[in-house]
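Understanding the architecture of this molecule
Listed here are the chains, written in short residue letters.
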Amino acid sequence: MPANPQDALPIRLNVDDSDSPSDVVDALFLGRFASGEQPHSHSVSIDRVKHGATLLPSGATVLRSARDSDRSAMLAEGEGWTLLVSRWSRGADVTVTAVSEELAAGVLGEATEGAQDEPEPQPENVSMGFWYVSPRRGPYRTTRQIAAGTWEEVRPNYTAPVAGAMDRLMKVTPDDIAGRLLLLHGPPGTGKTSALRTLARSWRDWCQVDCVLDPERLFNDIGYLMDIAIGEDEGTAKSRWRLLLLEDCDELIRGEARHTAGQALSRLLNLTDGLLGQGRNVLVGVTTNEDLERLHPAVVRPGRCLARIEIGRLTHRESVDWLGTDEGISREGATLAELYALRRGASGPAALLPPQGHDSEAGMYL
């Protein structure tokens, strides 16, 4: 008769009021693996669990269950195996320990078969990954379907020089890649994020786009950086390229970054054209609100950037064409956010922000 999980633990557990019942379930699960009674383990993460999926194989006996404010944990067992299910929001981690490699894999497969909720694919959607560091789980990647228009649909949202630059960028293929850094800069509200969503749709046949939700941590945590840059995942499968998106990274790439960001800037540059990026099909996309003159020269030097595009406000003529009227549009033109505000009915000074000091016909190179 196999030992109870609490009897199999070869260590003494000390708990205090900072530990939750779910933490205790996690610790109990390790007992048979730590003692060597069940020396084999298999695990899988599921982004979206189908409604009604129990994540339990047939014949499972539930030993413990706990529900906290942010997650739940369930410990179950069967002949020669133990299973832990940790669930949060719509996702789950499922881990099995067993007396043999084959049994662990088989139990895990039965528990998770058909459990992934696969939304009906929509032509206007693109799959994007999202990286972040979880306090409980460390570096973690989840995927979502993001709505993105075609370039033809969103092209009128950009002033002529920017639209011309984006025309070329949207058509890039792996054979065209000469630099590893994609830099979009300009005032807030000019459509940098919208352009990146459309780019993800245009490149989806050959490039997986991943957004890093905590970029300030990425280049200051070498373990996190190595998980993203070196670790195998969907983005590196079958020689697909990956584009890592870092939004609003002003402090990382401005002129004084060497003094304020420590090694972070050096690691970014190393990922784009140094040893860290060698042999990896990785591009890095950065958005910033900074002026080009304030960016660090090492970031914008020739040869490093696949594209460097300044996205500015539309001219007065372009803004009038976009909105269909000149009411509320200043002579300097308008940003995309301002035009949408006017379309929704906003008017007066609150609708249009004062010029940000950028040329209304912001240019680029590719």
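Below you will find a few notes about this structure. All of these numbers come straight from a predicted model, not from anything done at the bench. (Residues numbered from 1 in each chain as written. Predicted model: local features only at pLDDT ≥ 70, side-chain atom pairs only at ≥ 80, totals over all residues. Heavy atoms only, no water.)

Along its length, the protein carries 15 helices and 13 strands. In the protein, buried positions account for 49% of the 366 residues. By element, 49% of the accessible surface of the protein is carried by carbon and sulfur atoms, the whole surface being about 17,900 Å². (Helix = DSSP H or I, 4+ residues; strand = E, 2+ residues; numbered from the N terminus. Buried < 20%, exposed > 50% of the residue type's maximum accessible area, 1.4 Å probe, protein only. Areas by Shrake-Rupley, 256 points an atom, 1.4 Å probe, with all protein chains shown as cover.)

Attention shifts here to helix α12 (residues 264-273). Those residues of α12 that sit buried are A264, L265, L268, L269, L271 and T272. Viewed along the axis of α12, the buried residues span an arc of 155°, placing them on a single side of the element. (Arc of directions from axis to C-beta.)

So, on to helix α14 (residues 316-323). Inspection of α14 places S319, V320, W322 and L323 among the buried residues, and these make up the whole buried set. Across the axial projection of α14, the buried residues extend over an arc of 160°, all falling on one side. In α14, those exposed residues whose orientation departs by more than 90 degrees from the buried face are R317 and D321. The secondary structure elements touched by the buried residues of α14 are α15 (336-343). (Contact = heavy atoms within 4.5 Å.)

Our focus in this paragraph is unusual backbone geometry. Here L55, not a glycine, exhibits a phi torsion of approximately 60°, which is positive. Along the chain, the position of L55 falls in the loop between β1 (40-46) and β2 (61-67). By relative accessible area, which is 1% here, L55 ends up buried.

Tallied over the full model, the rule gives 5 aromatic pairs. Pairing W88 with Y140 gives two aromatic rings, centres 6.0 Å apart and planes at 80°, and the pair type is edge-to-face. Taken together, the positions of W88 in strand β4 (residues 81-88) and Y140 in strand β7 (residues 138-147) put the pair 52 residues apart, joining distant regions of the chain. Take Y140: its relative accessible area is 8%, and that puts it in the buried class. Between the aromatic rings of W151 and Y158, the centroid separation amounts to 5.9 Å while the plane-to-plane angle is 35°, which identifies the pairing as tilted. (Phe/Tyr/Trp six-rings, centres within 6.5 Å; stacked < 30°, edge-to-face > 60°.)

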